Amino acid sequence: MAEKSKPSSNLIVKLILWIIDRLERTIFIGVKITLPKKFLSPLGFLGMLTFVTFVILGVTGAVLMLYYEPTSANAYETVKNIEEKVPYGFLVRNIHYHGSNAMVFLAVAHLYYQYFSGRYKIRNEIIWVTGLILGVITVLEAFSGYDLLFNDRAELAVSIGVSLTNASPVIGAQLQQFIWGSGFAEFLIRLYALHVFVIPLMMTVLMLFHFPRFLVLDVPIATAVVGIVLITGGLLPIELGVKFDPDFPPGITVPEWYLTGLYAFIRTGYDKFFTGGVLPLLLILMFLAVPFIDRNRKFSWKDRPFFTALGLASIAQILITTVWGFYVDPDPNKPTVLRLFIDPIPFYSLLILSGLVMYVGIYGYMRAKIAMSAGKKRVITRPKPITLSTRWTTVAIILLLIFDWHTCLTMQT
Amino acid sequence: MSYNANLKNLALFEIGAAMMVFAVLFHIVRAYQPPAPMVAVATAGAVKPPTGPAVQASETK
């Protein structure tokens, strides 16, 4: 029997213990957060890192709200004011923008890691389904965010959104009126309400159902992710773009990288509802159905060739559509519509061909490999940890401290 | 300094780099394991080996 430890006399420790004791009366005690004492692969807690970026976006977004005005006359000007005049507004806006990109990227990476490692099994179906809905809502949140800038890029995104909702069967016109309203002033205030309140609220509620009871938060990895967001912001600062003028048609521009795939589908000229709604929905439906189809007890991607090949083929499709979405015919003499048009025959041929080749090739290769290794015993090799000697640890710490001290000094002066 | 010199993106980069350094520092300090203390030969020889089985047969059931 463990001996009861002596109560601490430290006031701060007493306060923390008092809070933990009272938290037992709340739901928070049901969640166990582990701070690992050694390096863990971040792939296992990409969801937590996505949540970290969500918190950063919440904080920076709240600061931006103090200066932003969602009116068609002043939206662009207030963002320009944040960028140029508000103290540290440039930093906050860039962190908000690159944080949103990081959140979408981490959410997609989290989805695929969980998919390939078969985590949707072991009674995790609700976590999986809520995660998928959260992923879609995350993209909508990012989409509604960059529309608020009211520049030519925002106008393009809004026109795509309006035409997509209008193309919906039966309720298209009503849906368009409900979501976008009529006129610039209405869509801006609606998108603002969606971006700062409705969608974040939906995300928070979904997170309650998505979070597992056991969570891992690795402080250095989370700090590194924030560091990468800031470094990316420093290297690729977000631009204001050209203010949208309703009297002049906007120039050629492409949406954010997570929407260029959808944009490529729409630019093929086929029915917008089918290309912009049904085709992306197929991918979501595939992921939704997977936990209910894959009843195999094996978790490793190596033992599930059907689903591994399916997942890799879907990644290939996403990459092709995303890259193609960035392409615009460089000939300036052609009309804008023709420059943006994507020939559907090579586009869809490549999609179908790459999907088939990837799927059949990977599936066949994995089946052959499983058949060949059927009689052999699998040897599990663990990577050897890298350890530094005392001397090199001291040298590294001193050098890094000098760097941080120097950075702090230069920031203050 | 960078921010006031209107090199705002450099300031952002510097803060990011400082955070990366903090992450590396945290990792090194956490991963560091001090070497095991040296044990004198005479002291080590003086330690008596255990005479009986460490675990009783009844405990292993």
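Counting starts from 1 at the beginning of each chain's written sequence and moves along it residue by residue. Naming scheme: in the order in which they are written, chains are lettered from A and ligands are numbered from 1. A pLDDT threshold of at least 70 governs which residues receive local features in this predicted model, and a stricter bar of 80 or more applies before side-chain atom pairs are shown or counted, although totals over entire chains, interfaces and linings include all residues. To obtain the side-chain values, all non-hydrogen atoms of the structure were used and water was disregarded.

Visitor: Is there a simple way to explain the interface of chain A and chain B in this structure?
Guide: For interface size, the figure often reported is the accessible area lost on association. Any pair of residues with heavy atoms lying within 4.5 Å of one another is described as a contacting pair. Taken together, the contacts link 40 residues of chain A with 28 residues of chain B. The working definition used for a salt bridge is a side-chain nitrogen of Lys or Arg within 4 Å of a carboxyl oxygen of Asp or Glu. Joining chain A to chain B, the criterion identifies one salt bridge. A salt bridge links Asp218 of chain A to Arg30 of chain B, with the shortest nitrogen-to-oxygen separation between them at 2.6 Å. Distance and chemistry together define a polar contact, namely a pair of N or O atoms within 3.5 Å, with one atom able to donate a hydrogen and the other to accept it when in protein, and with adjacent residues in sequence counting only for side-chain atoms on both sides. Linking chain A to chain B there are three residue pairs in polar contact (both at pLDDT 80 or more). Secondary structure counts use DSSP, requiring at least four H or I residues in a row for a helix and at least two E residues in a row for a strand, with both numbered from the N terminus. Elements that contribute at least two residues to the side of chain A that touches chain B include exactly helix H3 (75–84), helix H4 (89–116), helix H9 (219–235) and helix H15 (390–412) of chain A. Class assignment for the residues of the side of chain A that touches chain B results in 23 nonpolar, eleven polar and six charged. Residues are grouped as follows: nonpolar covers Ala, Val, Leu, Ile, Met, Phe, Trp, Tyr, Cys and Pro; charged covers Asp, Glu, Lys and Arg; every other residue, Gly included, is treated as polar.

Visitor: Help me understand the environment of Ser100 of chain A in this model?
Guide: Residues and elements named next belong to chain A. One can find Ser100 in helix H4. Any residue under 20% of the maximum accessible area for its type is buried, any over 50% is exposed, and the rest in between are partly exposed; the area is computed with a 1.4 Å probe on protein chains only. Its relative accessible area of 15% is what places Ser100 among the buried residues. Sequence separation of Ser100 and Val139 is 39 residues, and the distance between their C-alpha atoms is 9.1 Å.

Visitor: Could you clarify how one ought to interpret the packing of aromatic side chains in this entry?
Guide: Both the distance between ring centres and the angle between the ring planes are used here to describe each pair of aromatic rings. Residues and elements named next belong to chain A. Two rings belonging to Phe, Tyr or Trp (six-membered ring only in the last case) form a pair when the distance between their centres is within 6.5 Å. Interplanar angles under 30 degrees mark stacking, angles over 60 mark edge-to-face geometry, and anything in between is tilted. For the structure shown, the criterion picks out 25 aromatic pairs over all chains. Here the aromatic rings of Phe150 and Phe244 are separated by 5.8 Å at their centres, their planes lie at 85 degrees, and the arrangement is edge-to-face. Of this pair, Phe150 sits in the loop between helix H5 (125–147) and helix H6 (152–166) while Phe244 sits in the loop between H9 and helix H10 (260–266); the two residues are 94 residues apart in sequence, bridging distant segments of the chain. Among the residues examined, Phe244 registers a relative accessible area of 8% and is labelled buried.

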